[in-house]
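An overview of the molecular structure
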Amino acid sequence: IVEETDNVDYFLYKFNISNKNKKRIKNIDNFYKKKISSKIFNEKNMNKYFYYYGREATLDILNFRLIKSNKTDQSLIELVKYYENKEALIMPINADYLMKKYEIPEGKLIGEKLKKIEEEWVENDFKISDQEVDSIVKN
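Residues numbered from 1 in each chain as written. Predicted model: local features only at pLDDT ≥ 70, side-chain atom pairs only at ≥ 80, totals over all residues. Heavy atoms only, no water.

What follows concerns the environment of Lys86. Take Lys86: it is sitting in the loop between helix H5 (74–85) and helix H6 (95–102). On a C-alpha basis, the gap between Lys86 and Lys26 in space is 23 Å, while along the polypeptide they are 60 residues apart. Those residues within four positions of Lys86 in sequence are excluded, and the remaining contacts are Asn47, Phe50 and Arg55. (Helix = DSSP H or I, 4+ residues; strand = E, 2+ residues; numbered from the N terminus. Contact = heavy atoms within 4.5 Å.)

Turning our attention to the packing of aromatic side chains. In total, this model carries 12 aromatic pairs according to the counting rule given. Between Phe31 and Tyr49, the ring centres sit 5.2 Å apart and the planes meet at 75°, which makes this aromatic pair edge-to-face. In this pair, Phe31 sits in helix H2 (residues 19–33) while Tyr49 sits in helix H3 (residues 43–53), placing the two residues 18 residues apart along the sequence. Accessibility classification places Phe31 together with Tyr49 in one group, the buried group. Ring pairs connect the aromatic residues Phe31, Tyr32, Phe41, Tyr49, Tyr53 and Phe64, which therefore count as one cluster. A cation sits over an aromatic face here: Lys68 above Tyr32, 5.6 Å from the ring centre. (Phe/Tyr/Trp six-rings, centres within 6.5 Å; stacked < 30°, edge-to-face > 60°. Buried < 20%, exposed > 50% of the residue type's maximum accessible area, 1.4 Å probe, protein only. Lys NZ or Arg CZ within 6 Å of the ring centre and 35° of its normal.)

All right, on to helix H7 (residues 108–123) then. Across its 16 residues, H7 extends 23 Å between first and last C-alpha, which sits within 8% of the 22 Å expected from 1.5 Å per residue. Looking only at H7, the buried set comprises Ile110, Lys113, Leu114, Ile117, Glu118, Trp121 and Val122. On an axial view of H7, the arc spanned by its buried residues comes to 165°, and they lie on one face. Of the residues trailing H7, Asp125 is marked for its positive phi of about 60°. (Expected span 1.5 Å × (residues − 1). Arc of directions from axis to C-beta.)

To continue, consider the pattern of salt bridges. Within the structure shown, the criterion is met by 8 salt bridges. Between Asp9 and Lys26 there is a salt bridge, with its nearest N and O atoms 2.8 Å apart. You can see Asp9 sitting in helix H1 (residues 8–14) and its partner Lys26 sitting in helix H2, a full 17 residues away along the chain. Owing to a relative accessible area of 48%, Asp9 belongs among the partly exposed residues under this scheme. A salt bridge links Lys20 to Glu56; its shortest N-O distance comes to 3.6 Å. Taken together, the residues span a long stretch of sequence, with Lys20 in helix H2 and Glu56 in helix H4 (residues 55–68) at a distance of 36 residues. Residues joined in a network through salt bridges with shared partners are Lys20, Arg24, Glu56 and Asp60. (Salt bridge = Lys/Arg side-chain N within 4 Å of Asp/Glu carboxyl O.)

Here you go:
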């Protein structure tokens, strides 16, 4: 993996690795198969990754980047420290809120609205106004 060969699957097959660590290694492999630039390693982008994949996956990605780096990148070290202690992000809007405030019945529609709200919340750096929620729910 560190040698940048495409033998991750063979490596996982050949060596006796726990399922948990297999998942971690595949996560790192999948992340780095995308075209990654140094611009992705900032707090805003990593917050999105942290939200969707969690602390362990985020730290794995950052630590792997540090290991592969030819120089000490202080900004990456700061990000590692930041995510070691960061609490999980929880979307402030949930199905109960939408059902009570907007009288939306339980079902597929509420799931679709929640998904759109979540996307907007994540894209807006984990902030969303009541007006934005109103707009999403009413459209």
